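Descriptive analysis of the structure
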Amino acid sequence: MALKYEPVSKPQALIGWHSMFMGVALLASARSKDHRARNGACIVTTDHRIVGVGYNGLPRGCEDDDPIYWSDDDNDPFRSRHSYVVHAEVNAILNCVVLPLTNATIYATQFPCPRCAQSIIQAGIRKVVYLREKSHHAPANAASEKMFKASGVACESLERLDVEAFTFANDLTDFVAPAPGDGDV
């Protein structure tokens, strides 16, 4: 007696890799307590393993209830949150379970600043995928782009890379509920 097999369709994931990894970065950003901008990052290997996740926040041991850490006087480094907050990309690198990160990709909710670009390059990451780029950061972004280009690090917006993933990430951003003032920084 011959057995008959019914053809089975290949199972499909609900979301693609870019949606997954930017989604992880967005969910990480929800942990940030920065009242001006919540950012997240997710680092993945070439075989799609997540090896690091981070969000922007204070260094360990710095108490969130100290108002100096969250001050917005950028003319006074002591009273500027920019002196204290560790960016999501750097936290993801520091939280990595493996080093070096040779040929890894980092998914970031915001285009990396020059300091983060330096860390990305030094860690061996070879590709950056970002969700949004703020126009008032154009000079700093140009500095990051210059370093990425010189170092051979590919940098691409999620919107250009994968429109479906970009739409998914924007929908998820609405769900995660960005901090008030997210468009200000």
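Notes on the structure follow. Fair warning: this is a prediction, and the values are worked out from it, not measured in the lab. (Residues numbered from 1 in each chain as written. Predicted model: local features only at pLDDT ≥ 70, side-chain atom pairs only at ≥ 80, totals over all residues. Heavy atoms only, no water.)

Moving on to helix 3 (residues 114–123). An α-helical segment advances 3.6 residues per turn. Residues three or four places apart therefore align on the same side. Every buried residue belonging to helix 3 is among Cys116, Ala117, Ile120, Ile121 and Ala123, and all of these are buried. Buried residues of helix 3 fall within an arc of 165 degrees about the axis and therefore sit on the same side. Summarising the contacts, the buried residues of helix 3 are in contact with helix 2 (88–94), strand 3 (105–110), strand 4 (127–132) and helix 4 (138–151). (Buried < 20%, exposed > 50% of the residue type's maximum accessible area, 1.4 Å probe, protein only. Helix = DSSP H or I, 4+ residues; strand = E, 2+ residues; numbered from the N terminus. Arc of directions from axis to C-beta. Contact = heavy atoms within 4.5 Å.)

Axis angle and axis distance: for two packed helices, these are the angle between their axes and the distance between the axes, and together they describe the pair. Here helix 3 crosses helix 4 at 15 degrees, and the two axes come no closer than 8 Å. Considering their axes alone, helix 3 and helix 4 lie roughly parallel with respect to each other. Crossing of helix 3 over helix 4 shows right-handed handedness. Of helix 4, the residues touching helix 3 (which contributes Pro114, Ala117, Gln118, Ile120 and Ile121) are Ala140, Ala143, Ser144, Met147, Phe148 and Ser151. (Axes fitted to C-alpha atoms, helices over the stretch in contact; angles between N-to-C directions. Parallel < 35°, antiparallel > 145°, perpendicular 65-115°, else oblique. Left-handed = near helix turned anticlockwise from the far one by under 90°.)

Turning to unusual backbone geometry, a few remarks are in order. In this structure, His48 takes a positive phi of about 70 degrees despite not being glycine. Locating His48 in the fold gives a position in the loop between strand 1 (40–44) and strand 2 (50–55). The exposure class assigned to His48 is partly exposed, which follows from its relative accessible area of 35%.

We now examine the sheet that holds strand 5 (residues 154–157). Strand order in the open sheet formed by 5 strands is 2-1-3-4-5, with mixed pairing between adjacent strands. Two strands in the sheet have a free side with no partner beyond their single neighbour: strand 2 and strand 5. Adjacent strand axes in the sheet meet at a mean angle of 15 degrees when their direction is disregarded. Relative to strand 4, strand 3 runs parallel, the two sharing 5 bridges. Across the sheet, the residue bridging to Thr105 is Lys127, located in strand 4. (Pairing = 2+ DSSP bridges.)

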